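The primary structure of each chain is shown beneath.
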Amino acid sequence: MKNFIYTGYILLFLSMTVFWGSCEKDGYVKYETDYASLRFEYTAAGNDSIVYSFALHPDEKEGVVKIPFKLIGMAVSQNRTVGVEIVPDKTTAKEGEDFEIVRRTLSADSIVDSLQIKVKKTAKLDEGSLYIVLRLCSNENFAAAPINGDTYRIVMSNILVEPVGWPFGEYSRIKHQFVIKVTGVATDYDKWNTSDRIYYTSMLNQALYEYNKAHPGKPLRDENGLPVTF
C-alpha cells in the first residue's frame, strides 16, 4: 500500500512537471503551455525610461525611438500584434502631433523585438520636455504583462540632457557640448570600455588645454560658472 501511494505521488509530480515545466536556454524560459505574454526590457534595474533629445540631432525634424520587449512563452511562426496603450494621466505629448506608434509587432519565430515610436520636433519642446508613457496590455495574442515590466517612458527634449553612462564626472550641458565637438560622440558612452574612456579623456584634456591656452584668463566654464574639467 505504501509503495502504491509513493508511486502515485511520483506520477502526480511528473504530470505537473510536464504541464508547468520549462527549459531554459540563454536565460530565456520556454513554457510548455500556450501561455504568451510580453515584458519590456529595461537597460538596468528600475531604469524604465529613455530620453530622446533633438539637441543631439539638430538637423532632424523626426526621430525613431525603439523600446525593446521580450516574449514570455513560446515563439510561433507568424507575426503577432502587440497590445500597447498610452497612459493618459502621465503623458503630456499628443499622439498624432508629437509622436506616433509606427510598429507594434512581435516578429515570427522571435522572442525579442521592439516597439517603434516616431517622435517629432515641435515648438512645444522649446517650452520644456514632453512625456510619453506606454503600457503593454492584453489583446487577442498576449495576456497582460507583469506589473514590473509593463510600462515604459519616453522623455522628449530639445536640450542636452545627461546620457546613459556619462563617464566625465559632474554633468553639464556646456561640458557635453565640448565632448561632442571634440570627439564627435554624443551618446552611447555606456558602451565604452576602459581603453575607450582613457583614450577619449586624454583627447578631451588636450583639447581643453588648447582652449584655455587660447583664452587666457577665461577658462572654459559650464552653465553654473564652474571650470570644466575631465
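If you're wondering where the values come from, they're calculated on a predicted model, not measured in any experiment.

A. Spatial organisation of the pairing of strand S10 (residues 112-120). Relative to S10, strand S5 (residues 62-73) runs antiparallel, the two being bridged by 9 bridges. Looking at S10, one finds that Gly 63 is bridged to Val 119. Where strand S8 (residues 99-103) meets S10, 4 bridges bridge the pair, whose relative direction is antiparallel. Paired with Arg 103 across the strands is Gln 116, a residue of S10.

B. Fine view of the packing of helix H2 (residues 173-183) against helix H3 (residues 194-214). Taken N-terminus to C-terminus, the directions of H2 and H3 make an angle of 105 degrees; their axes are 10 Å apart at the nearest point. The angle between H2 and H3 falls in the class roughly perpendicular. Of the residues in H3, those touching H2 at Phe 178, Val 179, Val 182 and Thr 183 are Tyr 200, Met 203, Leu 204, Ala 207, Leu 208 and Tyr 211. When grouped by side-chain class, the residues that make up the contact of H2 with H3 number 9 nonpolar, 1 polar and no charged.

C. Region of the structure containing H3. Taking 1.5 Å per residue as the helical rise, H3 with its 21 residues ought to reach 30 Å, and the 30 Å between its terminal C-alpha atoms agrees with that figure. The set of residues buried in H3 consists of Tyr 200, Leu 204 and Leu 208. One side of H3 carries all its buried residues, which in axial view fall inside an arc of 75 degrees. Summarising the geometry of H3, the exposed residues directed more than 90 degrees from the buried face are Ser 195, Ile 198, Tyr 199 and Lys 213. Looking at the buried positions of H3, the neighbouring elements they touch are H2. The N-cap residue of H3 is Asn 193: its side-chain oxygen and the backbone nitrogen of Ser 195 are 3.1 Å apart.

D. Representation of unusual backbone geometry in the model. A positive phi angle is found at Asp 109, which is not glycine, with a value near 65 degrees. Of note, Asp 109 is situated in the loop between strand S9 (105-106) and S10. Owing to a relative accessible area of 57%, Asp 109 belongs among the exposed residues under this scheme. Positive phi values are uncommon outside glycine, yet Asp 188 reaches one of about 65 degrees. Summarising the element assignment, Asp 188 is placed in the loop between H2 and H3. On the basis of relative accessibility, which here comes to 40%, the residue Asp 188 falls in the partly exposed class.

E. A look at the side chain of Asp 150. Of note, Asp 150 is situated in the loop between strand S11 (130-136) and strand S12 (151-157). In contact with Asp 150, other than residues within four places in its own chain, are Phe 40, Tyr 42, Leu 134, Arg 135, Leu 136 and Ala 145.

F. Highlighting the packing of aromatic side chains. Evaluated as defined, the whole model comprises 14 aromatic pairs. Each ring, one from Tyr 189 and one from Trp 192, has its centre 5.0 Å from the other, and the planes form 80 degrees; the classification is edge-to-face. Summarising the burial analysis for this pair, Tyr 189 and Trp 192 share the class buried. On the basis of an interplanar angle of 70 degrees and a centroid distance of 5.1 Å, the ring pair of Tyr 199 and Tyr 200 is categorised as edge-to-face. With a relative accessible area of 17%, Tyr 200 lands in the buried category. Ring-pair connections join several aromatic residues into one group, and the members of that group are Trp 166, Phe 168, Tyr 171, Phe 178, Tyr 189, Trp 192, Tyr 199, Tyr 200, Tyr 211 and Phe 230. Between Lys 175 and the ring centre of Phe 230, over which it is positioned, the NZ or CZ distance is 5.5 Å.

Thresholds applied
- Residues numbered from 1 in each chain as written.
- Predicted model: local features only at pLDDT ≥ 70, side-chain atom pairs only at ≥ 80, totals over all residues.
- Heavy atoms only, no water.
- Pairing = 2+ DSSP bridges.
- Helix = DSSP H or I, 4+ residues; strand = E, 2+ residues; numbered from the N terminus.
- Axes fitted to C-alpha atoms, helices over the stretch in contact; angles between N-to-C directions.
- Parallel < 35°, antiparallel > 145°, perpendicular 65-115°, else oblique.
- Contact = heavy atoms within 4.5 Å.
- Nonpolar A, V, L, I, M, F, W, Y, C, P; charged D, E, K, R; others polar.
- Expected span 1.5 Å × (residues − 1).
- Buried < 20%, exposed > 50% of the residue type's maximum accessible area, 1.4 Å probe, protein only.
- Arc of directions from axis to C-beta.
- Polar contact = N/O pair within 3.5 Å; in protein donor to acceptor, adjacent residues only side chain to side chain.
- Phe/Tyr/Trp six-rings, centres within 6.5 Å; stacked < 30°, edge-to-face > 60°.
- Lys NZ or Arg CZ within 6 Å of the ring centre and 35° of its normal.

These figures come from the coordinates and say nothing about function on their own.
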